[in-house]
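Analysis of the macromolecular model
This is what each chain is made of:
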Amino acid sequence: MYPEEKYMKRALHIAGFGYGSVSPNPMVGSVIAAPDGRIIGEGWHRKHGGPHAEVNAVNSIKPKDLGLIPESTIYVTLEPCSHYGKTPPCCKLLIEKGFKHVVVGCTDPFKDVRGRGIDMMREAGIEVTVPFMERECRAINRKFMTAHSLSRPYIMLKWAQSEDGFIGIKGKHVKLSTPLSTVEMHRERAGYDAILTGTDTIINDNPSLTNREWSGNSPRPVVFSSKRIPQSSILLGRNPVILDTTVPLDENIRRLYSEHNITSLMVEGGAKTLDSFISVGLFDEIRIETVPIHITDGIPAPSVPPQCTEMTSTHINGNLIVDRIYQSPVSKKL
């Protein structure tokens with residue numbers, strides 16, 4: 001390992017502390033290394049609308065170490081912002097504080113940045129090293145990267161199925177997840193801006209689709225417009241986005257990004273809803289929880305396209321949870 005890698009790895013680690021609290025902004029971590037190798041400051045983006053990682057890192061420096069800033073290197077997992085949003089530009093702060101060297105994990109694809117932060121710092125005389133551990137820095141924010149590169153949310157399709165490939169029994173409610181795997185599902189929900197389900201699921205299960213078993217923000221519900229949805233449905237009281245069924249699915253999904261600032265979407269519908277995304281290749285990830293039971297005659301689970309490759313797998317209370325990434329021609333370029 002190069003000495004510099006340990007600082008960026010630390011920045012990546014603390015960036016993850018923002019999970020569930022910063023979206024639609026990215027998770028970002030920052031570490032400040034003094035000439036003698038000590039970490040004299042570190043910080044991460046803690047909450048959407050709050051100070052960015054670089055600001056928190058600078059503010060964490062003890063008074064006795066402030067004079068070391070011009071000789072120190074600051075590591076940031078994502079290109080520092082160069083525009084005024086909910087907070088001032090981080091590039092301006094780094095310039096004003098006198099940093100001479102900034103190591104950036106990867107560039108920011110957001111339209112108001114896209115290299116402008118790097119240019120601003122270089123024009124001010126700062127040495128900028130970029131990219132650095134780019135693969136890891138892009139991976140931690142794959143939802144953010146996908147959304148701002150493709151102008152649509154990152155999409156995960158999720159379902160639970162029996163060992164023999166069924167997601168339920170027609171006309172009968174079947175509980176497949178365990179209490180512990182439900183907690184894990186809610187942890188996953190906390191990392192998404194929105195969650196979509198189908199009309200039949202709303203009618204049959206009346207779900208709330210919150211992450212009540214985990215801390216962080218609950219995703220905003222997304223539903224298809226339908227007169228069949230009962231007015232007493234819990235989701236209707238959670239300010240849902242109503243999709244227009246007269247326009248194509250991909251247009252509806254792009255509107256989530258362009259009109260509602262939604263950068264990530266979890267789809268937890270029935271077979272019909274899930275297949276509508278799979279049939280047109282409109283997804284980035286599939287998460288399947290397989291339960292060691294046999295239903296024999298039920299509702300078949302969707303078929304997983306061959307372009308999906310396994311990313312992670314874990315066992316929770318005997319249930320196998322597998323995440324697969326969809327290697328579409330477009331996603332391979334990201």
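Cut-offs applied
Position numbers for residues count from 1 along each chain, tracking the sequence in the order it is written. Where totals are concerned, whole chains, interfaces and linings use all residues; where local detail is concerned, this predicted model gives features only for residues with pLDDT of at least 70, and gives and counts side-chain atom pairs only at 80 or more. Computation of side-chain values: all heavy atoms of the structure, hydrogens and water removed. Elements are defined by DSSP. Helices are runs of H or I of four residues or more, strands are runs of E of two residues or more, and each kind is numbered from the N terminus. Accessibility here uses a 1.4 Å probe with only protein chains present; expressed as a share of the type maximum, an area under 20% marks a residue as buried, one over 50% as exposed, and anything in between as partly exposed. Contacts are assigned to residue pairs that have any heavy atoms within 4.5 Å of one another. To measure how exposed things are, a 1.4 Å probe is used in the Shrake-Rupley method; for residues, cover is taken only from the protein chains shown. Neither His nor the chain ends is counted toward charge; the positive residues are Lys and Arg and the negative residues Asp and Glu. For charged residues, the charge sits on one atom: NZ in Lys, CZ in Arg, CG in Asp, CD in Glu. Paired strands, as defined in this entry, are two strands with at least two bridges between them according to DSSP. Axis definition: a line fitted to C-alpha atoms, limited for helices to the stretch in contact. Angles are taken between N-to-C directions and run from 0 to 180 degrees. An angle below 35 degrees is read as roughly parallel, one above 145 as roughly antiparallel, one from 65 to 115 as roughly perpendicular, and any other as oblique. When the near helix sits turned anticlockwise from the far one by under a right angle, the crossing is termed left-handed; a clockwise turn instead gives a right-handed crossing.

1. Comments concerning the overall build of the chain
- What the chain contains, in helices and strands, is 10 helices and 15 strands.
- For the chain, the C-alpha atoms occupy an extent of roughly 70 × 40 × 35 Å along the three principal directions.
- Within the chain, the fraction of its 334 residues that count as buried is 51%.
- Pairs at least 24 residues apart make up 73% of the contacts formed inside the chain by residues separated by at least 6 positions.
- Within the structure as shown, the chain displays about 15900 Å² of accessible surface, and the carbon and sulfur contribution to it stands at 51%.
- Treating the 39 positive side-chain charges of the chain as one cloud and the 36 negative ones as another, the clouds have centres 3 Å apart.

2. Here we look at the sheet that holds strand 14 (residues 308-316)
- Within the open sheet, the eight strands sit side by side as 10-9-8-11-6-12-15-14. Their pairing is mixed. The sheet is open, and its two edges are formed by strand 10 (241-243) and strand 14, each paired on a single side. Strand-to-strand twist across the sheet, computed as the mean angle between neighbouring axes with direction ignored, equals 20°.
- Against the sheet, helix 9 (residues 249-260) makes contact with strand 6 (154-162), strand 9 (220-224), strand 10 and strand 11 (264-267), and its axis sits at roughly 155° relative to strand 10, the strand it touches most.

3. Here's the deal with the environment of Phe 132
- Considering the arrangement of structural elements, one finds Phe 132 in the loop between strand 5 (127-129) and helix 5 (134-139).
- In this structure, the C-alpha to C-alpha distance between Phe 132 and Gly 105, residues 27 residues apart in sequence, is 4.5 Å.
- Other than its neighbours up to four places away in sequence, Phe 132 contacts Glu 4, Glu 5, Met 8, Val 103, Val 104, Gly 105 and Cys 137.

4. What to know about the packing of helix 3 (residues 90-97) against helix 4 (residues 116-123)
- Where helix 3 meets helix 4, the axes come as close as 9 Å, and the angle between the chain directions of the two elements is 20°. One element, helix 3, and the other, helix 4, form an angle in the roughly parallel class. Relative to helix 4, the crossing made by helix 3 is right-handed. Counted together, Cys 91, Lys 92, Leu 94 and Ile 95 of helix 3 and Gly 117, Met 120 and Met 121 of helix 4 form the full contact between these two elements.

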